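Tertiary structure, described
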Amino acid sequence: MSALLERAEAAGVMIVTAESCTGGLIAGRITDIVGASAIFDRGFVTYSNAAKVQMLGVRPQTLERCGAVSEEIAAEMAEGALARSEAQIAVSVTGIAGPGGSESKPEGRVCFGIARSIGTQTETVDFGALGRDRVRAETVDHAIGLLIAAIPA
């Protein structure tokens with residue numbers, strides 16, 4: 001975690017989070033770092049679809065067409081968080097921590113978004129049916145890694 005703080009401070013960037021399946025755990029992990037106020041602007045916990053629409057500007061049409069667990073929604077969440085903050089980098093997560101899921105969207109599938117002024121990148125990771133706590137922990141670790149990689153050197 002100190003790598004995130006050091007890299008963001010050196011680059012002069014602030015971070016914002018937009019979380020669904022992690023319920024604020026990414027923001028919590030970042031703010032566990034002493035000095036995080038230098039790099040962390042705010043976090044959005046948008047667990048429900050209504051919260052995604054109201055707080056982040058996710059389009060209802062995208063939710064209807066793609067579902068909440070999709071790269072399209074991850075992109076809109078990250079872009080919405082970036083636009084509604086003072087940050088330069090946004091990370092978003094939306095997924096199925098479990099239990100449950102479906103054949104098309106299995107337990108352990110998480111979609112990630114990284115938004116910056118230069119554009120938005122998304123990816124999907126299938127962690128597998130590891131159990132709710134482990135999927136969420138793996139999601140937090142992966143999101144932190146994506147943030148570190150997105151910060152300009």
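Because the structure is predicted, anything quoted here is derived from the model rather than measured. (Residues numbered from 1 in each chain as written. Predicted model: local features only at pLDDT ≥ 70, side-chain atom pairs only at ≥ 80, totals over all residues. Heavy atoms only, no water.)

Observations regarding unusual backbone geometry
At the junction of G98 and P99, the peptide bond is cis and its omega measures out at -5° in the coordinates. Relative to the elements of secondary structure, P99 occurs in the loop between β3 (89-95) and β4 (109-116). (Helix = DSSP H or I, 4+ residues; strand = E, 2+ residues; numbered from the N terminus.)

Focus on the sheet that holds strand β1 (residues 15-19)
Strand order in the open sheet made by the five strands is β2-β1-β3-β4-β5, with mixed pairing throughout. Looking at the sheet topology across the chains shown, the edges are occupied by β2 (40-45) and β5 (119-126). Ignoring strand direction, the axes of neighbouring strands in this sheet form an average angle of 15°. The strands that helix α6 (residues 132-150) touches are β1, β3, β4 and β5; relative to β4, the one it contacts most, it runs at about 25°. (Pairing = 2+ DSSP bridges. Axes fitted to C-alpha atoms, helices over the stretch in contact; angles between N-to-C directions. Contact = heavy atoms within 4.5 Å.)

Here's the deal with the pattern of salt bridges
Enumeration according to the criterion identifies four salt bridges in this entry. Taking the shortest distance from any N to any O, the salt bridge between D41 and R42 comes out at 2.6 Å. The exposure class assigned to R42 is partly exposed, which follows from its relative accessible area of 31%. Notably, a salt bridge pairs D126 with R109, separated by 2.8 Å at the nearest N-O pair. With D126 in strand β5 and R109 in strand β4, this pair connects stretches of sequence that are 17 residues apart. Under the relative-accessibility criterion, D126 is labelled partly exposed at 48%. (Salt bridge = Lys/Arg side-chain N within 4 Å of Asp/Glu carboxyl O. Buried < 20%, exposed > 50% of the residue type's maximum accessible area, 1.4 Å probe, protein only.)

Things to note about the nonpolar core
Among the nonpolar cores identified, the biggest contains 30 residues, and L4, I15, I26, I30, F112 and L147 are the most heavily contacted of them. Only α1 (2-11), α2 (25-31), β3, β4 and α6 provide two or more residues apiece to this core. At seven residues, α6 tops the list of elements feeding residues into this core. Ranked by size, the runner-up nonpolar core spans 14 residues in total, among them V16, F44, L63 and M77. (Core = buried A, V, L, I, M, F, W, Y, C linked by side-chain atoms within 4.5 Å.)

What about the side chain of T139?
Along the chain, the position of T139 falls in helix α6. On the basis of relative accessibility, which here comes to 0%, the residue T139 falls in the buried class. The contacts of T139, once residues within four sequence positions are left out, are C21, T22, V93, V110, F112 and F127.

Examining α6
Taking 1.5 Å per residue as the helical rise, α6 with its 19 residues ought to reach 27 Å, and the 27 Å between its terminal C-alpha atoms agrees with that figure. Taken residue by residue, α6 has V135, R136, T139, V140, A143, I144, L146, L147 and A150 as its buried positions. Packed against the buried residues of α6 are α1, β1, α2, β3, β4 and β5. (Expected span 1.5 Å × (residues − 1).)

Topic: helix α3 (residues 49-56)
The α-helix advances 3.6 residues per turn, and as a result positions three or four apart in sequence lie on the same side. Taken together, the buried positions of α3 are occupied by A51, K52 and L56. The arc enclosing the buried residues of α3, seen along the axis, measures out at 105°, which places them on a common side. Of the surrounding secondary structure, the elements contacted by the buried residues of α3 are β1, β2, α4 (60-66), α5 (71-83) and β3. Backbone geometry just downstream of α3 places G57 in the positive-phi region, at approximately 75°. (Arc of directions from axis to C-beta.)

That's the geometry; what it means functionally is another story.
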